[in-house]
Amino acid sequence: MPLIRIDMIEGRSPDQIKALLDATHRALIAALKIPARDRYQIVHEHPPSQFFVEDTGLGITRTRSCVVIQVTTRPREWKAKETFYQVLCHELEVTCGLSPSDVVVSIVTTTDEDWSFGNGRAQFLTGELASERSVS
Amino acid sequence: MPLIRIDMIEGRSPDQIKALLDATHRALIAALKIPARDRYQIVHEHPPSQFFVEDTGLGITRTRSCVVIQVTTRPREWKAKETFYQVLCHELEVTCGLSPSDVVVSIVTTTDEDWSFGNGRAQFLTGELASERSVS
Amino acid sequence: MPLIRIDMIEGRSPDQIKALLDATHRALIAALKIPARDRYQIVHEHPPSQFFVEDTGLGITRTRSCVVIQVTTRPREWKAKETFYQVLCHELEVTCGLSPSDVVVSIVTTTDEDWSFGNGRAQFLTGELASERSVS
C-alpha cells in the first residue's frame, strides 16, 4: 500500500529509474515491514524549470539528481519513519550513487478504509489484508 | 471538492480518457453525494517504466490498462468509501471496459478549511458552501 | 517544508512559470511564516483533455490559465490558511495577471515526523529545525 510518487528532473534512463525504484522499495520493506509485492510506485519527470528544491536553511546542497519522494501510507510509528529515511538514503547511495543530500521525503498518512487494491473492495476492511500486518 | 489524480500508462486517446473521467465522476456523485459541478480531475500519463503497480500478495492481475486513482477529500464515512470503490469499478467496467482488477484507489482526508475553490476564499468557512452538504 | 504541486494546462513559458512559483512562494512566506529557503515546488503541465476544473456550483468561471495548487504541510491554523488563500490570489493577480477565479487550492496536513529534508534525517525530530517555527 504505501503509494509512492517520486519526482525528479528529467534525464535518467529507464534502467537508472528502475534501480532507484528498486532501492526505494527495499527501504520500505526493511523499515515499514511491508509485503514484498506491496509495491505502488509512480515517477514524475520534470524539466529543471519545473522542479525547485531548496533546503529550509539547513545548508544542504542540491544537485540536478535531487529526488522528492512522497509516500502515502497507513499510520506508521515515528521510529519506523526515521528508520525509513536512513535506510532509503543508504540504499540510494549504495545502489544508485545518489547523495543523501539529494533525497527529500514527505509522508502522508491515511487509514485502513482509504485503500482499495482492486476489484472494488476495501481489502483492509474485508479482512483480505490484516490491519496490523503493515503497521510497524 | 474531491480533487482526483488519475495515474496511468500512456496510450489512451482523449476520448478514452474523457470516458474514464466521466465514469469516475459519476461514481463520486453516486457514492459521496457531491454536487454535479464538484469536479476537479487531473490525469498523469507515464511510460511503462515509470508506473509500477503490484498486488500486495492478493493475487490480483494487473494489465497495462491499470489506473491509480488518488482522491483528496473532506472526511467521508467508511461506508461511503466502500460504496465508492464498488460503484467506481462498476462504472469503469461498463463504460470503459476496464477490469475491476485494474483499479487501485487511495483516499487522502482533509478538512473544511483546507479548500479554496477560487477568489482567495475558503468557501466552506465563509458559508458559501455548506459544511454538511458533501459529508455523506 | 510545505511541498507544493502546481497543476496547469500546458503552454506557459519557463519565465511565466517561474513568476508563478515566485508569487506562490511569497504568499507562503507571508501567510505561513516559513523560512525563505523553505521552498519545494513541483509543476505538472497537462493537455487540456487531462485537466478538468469546474466550480462546485459557485458560479466561478475558469479559463485555460486555471491552476490547482496542492500544499502538503505541517499543521497550520485556519486563520493562516485563509490568509494564504487571499495573499496567494493577490500575488498571482498582481505579478502574473492570473485571475483569482482561476486559483484552486487544496491543503494536506502532515506532522513533524513526516519530513526528511535530506541526509536521511528527520530534521524536526533531531532538533535541526524547531517544531514551533513554522507553525503559525
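First things first, this report covers the structure right here in the doc. Remember, it's a predicted structure, so these values are computed and weren't measured experimentally.

Each partner contributes residues to the interface: chain A has 32 residues there, and chain C has 32 residues. Secondary-structure elements contributing two or more residues to the side of chain A that touches chain C are β2 (40-46), β3 (51-53), β4 (67-73), α2 (78-96) and β5 (103-109) of chain A. Split by residue class, the side of chain A that touches chain C holds 16 nonpolar, 11 polar and five charged. In this sheet, strand β2 (residues 40-46) of chain C lies alongside β3 of chain A in antiparallel orientation, the contact comprising three bridges. The partner of V53 of chain A across the bridge, within β2 of chain C, is Y40 of chain C.

Our focus in this paragraph is the environment of A122 of chain C. Counting through the fold element by element, A122 of chain C comes out in the loop between β6 (115-116) and α3 (123-126). The exposure class of A122 of chain C is buried, given the 22 C-beta atoms found within 10 Å. Spatially, the C-alpha atoms of A122 of chain C and D112 of chain C are 8.1 Å apart, while their sequence positions differ by 10 residues. Residue contacts for A122 of chain C: discarding those within four places in its chain leaves K81, E82 and Y85 of chain A together with E113, W115 and S116 of chain C.

The buried count for β5 of chain A comes to seven of seven residues, which makes it a mostly enclosed element. Residues V103, V105, I107 and T109 of chain A point to one face of β5 of chain A and V104, S106 and V108 of chain A to the other, with burial holding for every one of them. Pairing geometry for β4 of chain A and β5 of chain A, over seven bridges, is parallel. Across the sheet, the residue bridging to T72 of chain A is V108 of chain A, located in β5 of chain A. Read from β4 of chain A through α2 of chain A to β5 of chain A, the crossover connection turns out right-handed. Bridge count for β5 of chain A against β6 of chain C is two bridges, and the pairing is antiparallel. The residue bridging V105 of chain A from the neighbouring strand is S116 of chain C, located in β6 of chain C.

Each value, and the rule that gives it
- Residues numbered from 1 in each chain as written.
- Chains lettered and ligands numbered in written order.
- Predicted model: local features only at pLDDT ≥ 70, side-chain atom pairs only at ≥ 80, totals over all residues.
- Contact = placed C-beta atoms within 7 Å.
- Helix = DSSP H or I, 4+ residues; strand = E, 2+ residues; numbered from the N terminus.
- Nonpolar A, V, L, I, M, F, W, Y, C, P; charged D, E, K, R; others polar.
- Pairing = 2+ DSSP bridges.
- Buried ≥ 20, exposed ≤ 12 C-beta atoms within 10 Å, placed from the backbone.
- Right-handed = clockwise from strand over helix to strand, strands pointing away.

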